[in-house]
Amino acid sequence: MALIDALRDITGPANVLTGDETARYSHDWTGKYVWTPRAVVRPANREEVAATLRLCAEAGVPVVPTGGGTGLNGGTFAEGGVMLSLERMNRIREIRPASRIAIVEAGVVLSAIHDAVAEHGLAFPLTFGARGSAQVGGFLSTNAGGSNVVRFGNTRALVLGVEVVLADGRVLDLMSELRKDNTGYDLRDLFIGAEGTLGIITAAVLKLVPAARAHATAMVAVPGLAVALDLLNRLQGETGGAVEAFEYLPAAYMERLARHRPDLKEPFATRYPSTLLIEIGVTAPHEAEPLADGSLPVVTRLEDTLAMAMARGEVLDATLARTEAQRAEMWAVREAAAEITFAQKPHVDTDISLPLDRMQDFLTAMTARLHVLDPGAEELAIAHLGDGNFHYTAFPSRDDAPLLATIRNAVAEEAVRLGGSFSAEHGIGLSKRPTMADHKDPVALDVMARIKAALDPQGLLNPGKVLP
């Protein structure tokens, strides 16, 4: 109680939650991880964050940061620890259109950034299904990806600077607004993707880009992944790299869509082996201004490219969005993926990345291996195809913990064998720590452990995560 009283002195009594008040902070989005925190602290500024960390360091109490609660790997498990929610630190401090930057606090929700910068004709191009709840601190700490990585890169590529409170309460000011700064080690990138194990991110300087004046969006049926990759490369060349999204949905996805979300219309009357969601964004007026017949040049260009591919037999069918409502319907089909995937239990959800030209090799090998491990298992492979990121899910025929672990390890083994990674955009958290031990370079693990020990010698920041 002495610790709780001291925390209340820092943030005010209403912002230290205990007992039943912590219920909404006591589980992850999947429901797989459940815990009871000692308290949930909601600071209003970096000084309160720093004071909280100093107090917990003196008491030897673990601190676990939490954001919008959309993680999938147990990264905010906090049994007996103090959870630090930065939801009150939700100010967009500044938008500087001339410099194309936004300075934001860690509790700002992603969709709020989208809305705020759109008023200036700009965009923050990170986007994914949980944008209405994911917060800056969370998506920086997991180096989140999403649908636009093919053009704009992961979170790390979209951040110029960060403000971090270290385990001992010191504030590390890395709020650079520079595109170039060659002054020693790039400490910023240590904290992006570290899942709160090295420090608590309290603010960031984000890069902005010109908002697209128009989009060309289409659902495209293709025979398989090899043809899809050829189409991606052709579109990238013809549009000057303007492909913003290139998403892959197999026939198995459409079957599950019909079962779990009958309100969402399938794109085609025929269920094809592979469907792509393709989106191109343009900022040049000559590509975005309607012609005399009302058509948009960017849409016409995509339509012509798809027609030629169809004549060659590379495209089986296609439908283009002619209105913003039709575009939204196409994206709704894709963004139902998490709901559809987690609707069936048991499941083994994974998040891997591969070289683009090895994605079919992975599917071929993993399908065969899964059926050896569990002949009754089903699988679902959804992809951010443009950047090589598979969300591969297996649905075993029985809820057997050793079997689930064996399947998870098999996915990692096949990804690593093909030159890929066992974690693309969801982080490590708790669930992938054994995989880190099995597949991460041992020298890299040693260096990571040394960095952790240097910045958090008591091991109090989000303990038990990331490192095996």
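Our subject is the structure that appears above.
Bear in mind the structure is a predicted one, so any value in this text is a computation, not a measurement.

Rules of the game
Residues numbered from 1 in each chain as written. Predicted model: local features only at pLDDT ≥ 70, side-chain atom pairs only at ≥ 80, totals over all residues. Heavy atoms only, no water. Salt bridge = Lys/Arg side-chain N within 4 Å of Asp/Glu carboxyl O. Buried < 20%, exposed > 50% of the residue type's maximum accessible area, 1.4 Å probe, protein only. Helix = DSSP H or I, 4+ residues; strand = E, 2+ residues; numbered from the N terminus. Contact = heavy atoms within 4.5 Å. Pairing = 2+ DSSP bridges. Axes fitted to C-alpha atoms, helices over the stretch in contact; angles between N-to-C directions. 1 Å grid on protein atoms, 1.4 Å probe; cavity = no way out; pocket = protein on both sides within 12 Å on 5 of 7 lines; lining within 4 Å. Points joined across faces, edges and corners; volume = space filled by probe spheres on them. Nonpolar A, V, L, I, M, F, W, Y, C, P; charged D, E, K, R; others polar. Patch = residues over 30% accessible without salt bridge, like charges linked within 9 Å, V, L, I, M, F, W, Y side chains within 5 Å. Areas by Shrake-Rupley, 256 points an atom, 1.4 Å probe, with all protein chains shown as cover. Parallel < 35°, antiparallel > 145°, perpendicular 65-115°, else oblique. Left-handed = near helix turned anticlockwise from the far one by under 90°.

## A word on the pattern of salt bridges
Tallied over the entire structure, the rule returns 34 salt bridges. The salt bridge partner of R271 is E266, with a shortest N-O separation of 2.6 Å. Residue classification places E266 among the partly exposed residues on the basis of a relative accessible area of 21%. In this structure, the salt-bridge partner of E413 is R369, at a minimum N-O distance of 2.4 Å. Placement of the pair is E413 in helix α14 (residues 401-417) and R369 in helix α13 (residues 359-373), with a sequence separation of 44 residues. Taking the relative accessible area as the measure of exposure, R369 reaches 27% and is therefore partly exposed. Because the salt bridges share partners, they merge into one network encompassing R46, E47, R91, R93, E105 and E163.

## Observations regarding the environment of V205
Here V205 lies in strand β10 (residues 200-207). For the pair V205 and M175, spaced 30 residues apart in sequence, the C-alpha separation works out to 6.3 Å. With residues near it in sequence (within four places) discarded, V205 still touches I101, A102, I103, L158, V159, L160, G161, M175, S176 and E177.

## As for unusual backbone geometry
With an omega of -5°, the peptide bond between K345 and P346 qualifies as cis. Locating P346 in the fold gives a position in the loop between α12 (337-341) and β16 (348-349). At E195, a residue that is not glycine, the phi angle is positive and equals roughly 55°. The residue E195 is located in the loop between α6 (188-191) and β10 in this model. Positioned with a positive phi, V466 is a non-glycine residue whose angle comes to about 70°.

## Looking at the sheet that holds strand β9 (residues 171-174)
Taking strand neighbours across the sheet as the criterion, the five strands line up as β5-β6-β10-β8-β9 in an open arrangement whose pairing is antiparallel. With one partner strand each, in any of the chains shown, β5 (92-96) and β9 form the two edges of the open sheet. Recorded for the sheet is a direction-independent mean angle of 10° between the axes of neighbouring strands. As judged from the four bridges shared by strand β8 (residues 159-165) and β9, these two strands associate in the antiparallel manner. In the strand pairing of β9, V162 is matched with L174. Sheet strands touched by helix α2 (residues 46-59): β8, β9 and β10. Its angle to β8, the strand with the most contacts, is close to 45°. Against the sheet, helix α3 (residues 110-118) contacts β5, β6 (101-105) and β10, and its axis sits at roughly 40° relative to β5.

## Remarks on empty space enclosed by the protein
Counted by the stated rule, this structure contains three cavities of 30 Å³ or more. The calculated volume of the largest cavity comes to roughly 60 Å³. Taken together, T350, I352, R408, V411, A412, F422, K432 and T435 make up the lining of the largest cavity. Its residues assigned to classes, the lining of the largest cavity comprises four nonpolar, two polar and two charged.

## Examining helix α8 (residues 251-260)
Those residues of α8 not exposed but buried are A251, Y253, M254, R256 and L257. Buried positions along α8 lie against β13 (243-250), β14 (274-282), α11 (324-335), α12, β18 (378-384) and β19 (389-395).

## Considering a nonpolar patch on the surface
Among the surface-exposed residues, Y185, L187 and L190 lie close enough to one another that they form a single nonpolar patch of about 330 Å² accessible area. Tracing the backbone through its elements, the reader meets Y185 in the loop between β9 and α6. Using a relative accessible area of 79% as the deciding quantity, one classes Y185 as exposed.

## Overview of the pairing of β13
Counting buried residues along β13, eight of its eight residues qualify, which places the element largely inside the surrounding structure. Pairing analysis gives seven bridges linking β13 to β14, with the strands arranged antiparallel. Counterpart to E247 in the pairing with β14 is L277. Where β13 and β18 come together, two bridges link them in antiparallel fashion. By the bridge assignment for β18, Y248 is matched with A383.

## Focus on the packing of helix α1 (residues 2-11) against α2
Closest axis-to-axis distance for the α1/α2 pair is 9 Å, and the angle between their directions is 165°. One finds that α1 runs roughly antiparallel with respect to α2. As α1 runs across α2, the sense of the crossing is right-handed. On α2, the residues that touch L3, A6, L7, I10 and T11 of α1 are E48, A51, T52, L55 and A59. Looking at the contact of α1 with α2, its residues break down into seven nonpolar, two polar and one charged.

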